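Chains, contacts and geometry: an overview
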Amino acid sequence: MLQLKAYHRPPNVAEALQLFARPDVKTAIIGGGTSLVARLDEQIEEVVDLQAVGLTELTYRPNYLNLEAMVRLQTVVDDPRAPTLLRQTAYQAGPNTLRHAATIGGQVVEGKAESELLAALLVYETTVQLETLSGEKNLALADFWLYPPWVEGKRDWLVTAISIATSGQTASARVARTPMDSPIVAAVARRRKDGTIDVALCGVAKTPVLVDPTHLQAQIDPPSDFRGSAEYRREMAAVLVKRVLQELKPKEGITTL
């Protein structure tokens, strides 16, 4: 049975980092708290609650949106200035009760394989801002999931914000058991101003991934589970990538801005 020894509510990022970095304490970190229940069978000793650290601002600059880590998903859904695909995928991340609690930073840290929101962040050229004991770091989202402390589970860092590009044309496609269910596989794509198209998939690897459509199958490693075999996911990935690319194909006589 889980028996917590302490609960902490640090008032700022610096104090939170000091609590995270204790090597001899098994610590659970709460942002919105939506994923903590799944960890209650672990040998957690202490909880660090980030509710008091702030990090709730959402700000715009030309062609970019900066979201601090504690911004709630529902805030993104409700903001008419946010890119349509970002609002759509934030809405699809879960029911109303989850969206009002879950944070954008928590979604990034969780790195959920089936997250359309994270796939969208990949094509929006998302940069992750980290505060560490040795200073600030900025990593592309895909690189963040390869960041050694993230992989090894060391928590001497905290995601404080993400920055995304807001320009470009987007498309998305998915297969799921029901319209409101998490996707089995989903594809999102974005055409930049220079015509370059970024494509990302979820449901085909340990985290959502950016892919090169011309070498798709070599870049994905789908799992097999009760919702779909690896073979099925591979086939659907190819179909969905083709679909979003077709949607972004310039129409004759129309100039893409």
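In case you missed it, the structure is sitting above this.
Keep in mind that this is a model prediction, so the values were computed, not measured.

1. Quick notes on the overall build of the protein
The number of helices and strands found in the protein is 9 helices and 12 strands. Since a compact globule built from 257 residues should have a radius of gyration of about 18 Å, the 19 Å found for the protein is in line with a globular shape. In terms of overall dimensions, the protein has a C-alpha envelope of 65 × 45 × 35 Å along the principal axes. Scored against the burial criterion, the 257 residues of the protein give a buried share of 44%. Within the protein, contacts between residues at least 6 apart in sequence are counted, and of these 57% link residues at least 24 apart. Summed over all atoms, the accessible surface of the protein reaches about 13,100 Å², with 52% contributed by carbon and sulfur. Charge centroids of the protein, computed over 28 positive and 30 negative side chains, lie 4 Å from each other.

2. What about the pattern of salt bridges?
Going through the model one piece at a time under the given rule, you end up with 12 salt bridges. As a salt-bridge pair, Lys5 and Glu45 come within 3.7 Å of each other at their nearest N and O atoms. Residue Lys5 is located in the segment before strand 1 (6-8), and its partner Glu45 is located in the loop between strand 2 (27-30) and strand 3 (46-49); the two are separated by 40 residues in the primary sequence. For Arg22, the salt bridge goes to Glu46, with nearest N and O atoms at 2.9 Å. Of this pair, Arg22 sits in the loop between helix 1 (13-20) and strand 2 while Glu46 sits in strand 3, placing them 24 residues apart in sequence. Via salt bridges that share partners, Glu114, Arg177, Asp181 and Arg227 belong to a single interconnected network.

3. Focus on the packing of helix 3 (residues 84-91) against helix 6 (residues 116-123)
The geometry of helix 3 relative to helix 6 is characterised by a closest axis approach of 8 Å and an angle of 160° between their N-to-C directions. The orientation of helix 3 with respect to helix 6, classified from their angle, is roughly antiparallel. Judged by the sense of rotation from one axis to the other, the crossing of helix 3 with helix 6 is left-handed. Taking contact as the criterion, the partners of Leu85, Leu86, Thr89 and Ala90 in helix 3 are, on helix 6, Glu116, Leu117, Ala120 and Leu121. Taken together, the residues that form the contact of helix 3 with helix 6 break down as 6 nonpolar, 1 polar and 1 charged.

4. A few points about the sheet that holds strand 10 (residues 185-191)
If you trace the 4 strands from one edge of the open sheet to the other, you get 9-10-11-12, paired in antiparallel fashion. The open sheet has two edge strands with one neighbour each: strand 9 (169-175) and strand 12 (209-211). Shown here is a sheet whose adjacent strand axes are inclined to one another by a mean of 25°, direction ignored. Across 7 bridges, strand 9 lies against strand 10 in antiparallel orientation. Pairing of Ala171 across the sheet is with Ala189, part of strand 10. In the packing of helix 6 onto the sheet, contacts are made with strand 9, strand 10, strand 11 (197-202) and strand 12, and the angle to strand 11 comes to roughly 160°.

5. Notes on unusual backbone geometry
The residue Leu55 is not glycine, and still its phi comes out positive at about 60°. Within the secondary structure layout, Leu55 lies in the loop between strand 3 and strand 4 (58-61). According to the relative accessible area criterion, Leu55 is buried, its value standing at 16%.

6. Some remarks on the nonpolar core
Grouped together as the largest cluster of nonpolar side chains are 49 residues, with contacts concentrated most on Leu86, Leu121 and Phe144. Here this core takes 7 residues from helix 6, the largest share from any one element. Residues contacting Phe144, with those up to four places away along its chain left out, are Val108, Val109, Val128, Leu130, Leu139, Trp150, Trp157 and Val159. Residues Ala189, Leu216, Ile220 and Leu240 belong to the second largest nonpolar core, which totals 21 residues.

7. As for the sheet that holds strand 6 (residues 127-132)
Each strand in a sheet pairs with its neighbour through backbone hydrogen bonds, running either in the same direction (parallel) or in the opposite one (antiparallel). Strand order in the open sheet formed by 5 strands is 4-5-8-6-7, and the pairing between neighbours is antiparallel. This sheet does not close on itself; its edge strands, each paired only once, are strand 4 and strand 7 (135-140). Going from strand to strand, the sheet's axes swing by 20° on average, the running direction of each strand aside. Here strand 5 (residues 64-68) pairs with strand 8 (residues 157-165) via 5 bridges, running antiparallel. Each residue of the ladder has a partner; that of Leu67, found in strand 8, is Ile162.

About the criteria used
Residues numbered from 1 in each chain as written. Predicted model: local features only at pLDDT ≥ 70, side-chain atom pairs only at ≥ 80, totals over all residues. Heavy atoms only, no water. Helix = DSSP H or I, 4+ residues; strand = E, 2+ residues; numbered from the N terminus. Rg over C-alpha atoms; globule rule 2.2 N^0.38 Å. Buried < 20%, exposed > 50% of the residue type's maximum accessible area, 1.4 Å probe, protein only. Contact = heavy atoms within 4.5 Å. Areas by Shrake-Rupley, 256 points an atom, 1.4 Å probe, with all protein chains shown as cover. Lys, Arg positive; Asp, Glu negative; His and termini not counted. Charge placed at Lys NZ, Arg CZ, Asp CG, Glu CD. Salt bridge = Lys/Arg side-chain N within 4 Å of Asp/Glu carboxyl O. Axes fitted to C-alpha atoms, helices over the stretch in contact; angles between N-to-C directions. Parallel < 35°, antiparallel > 145°, perpendicular 65-115°, else oblique. Left-handed = near helix turned anticlockwise from the far one by under 90°. Nonpolar A, V, L, I, M, F, W, Y, C, P; charged D, E, K, R; others polar. Pairing = 2+ DSSP bridges. Core = buried A, V, L, I, M, F, W, Y, C linked by side-chain atoms within 4.5 Å.

The analysis is restricted to geometry; functional conclusions fall outside its scope.
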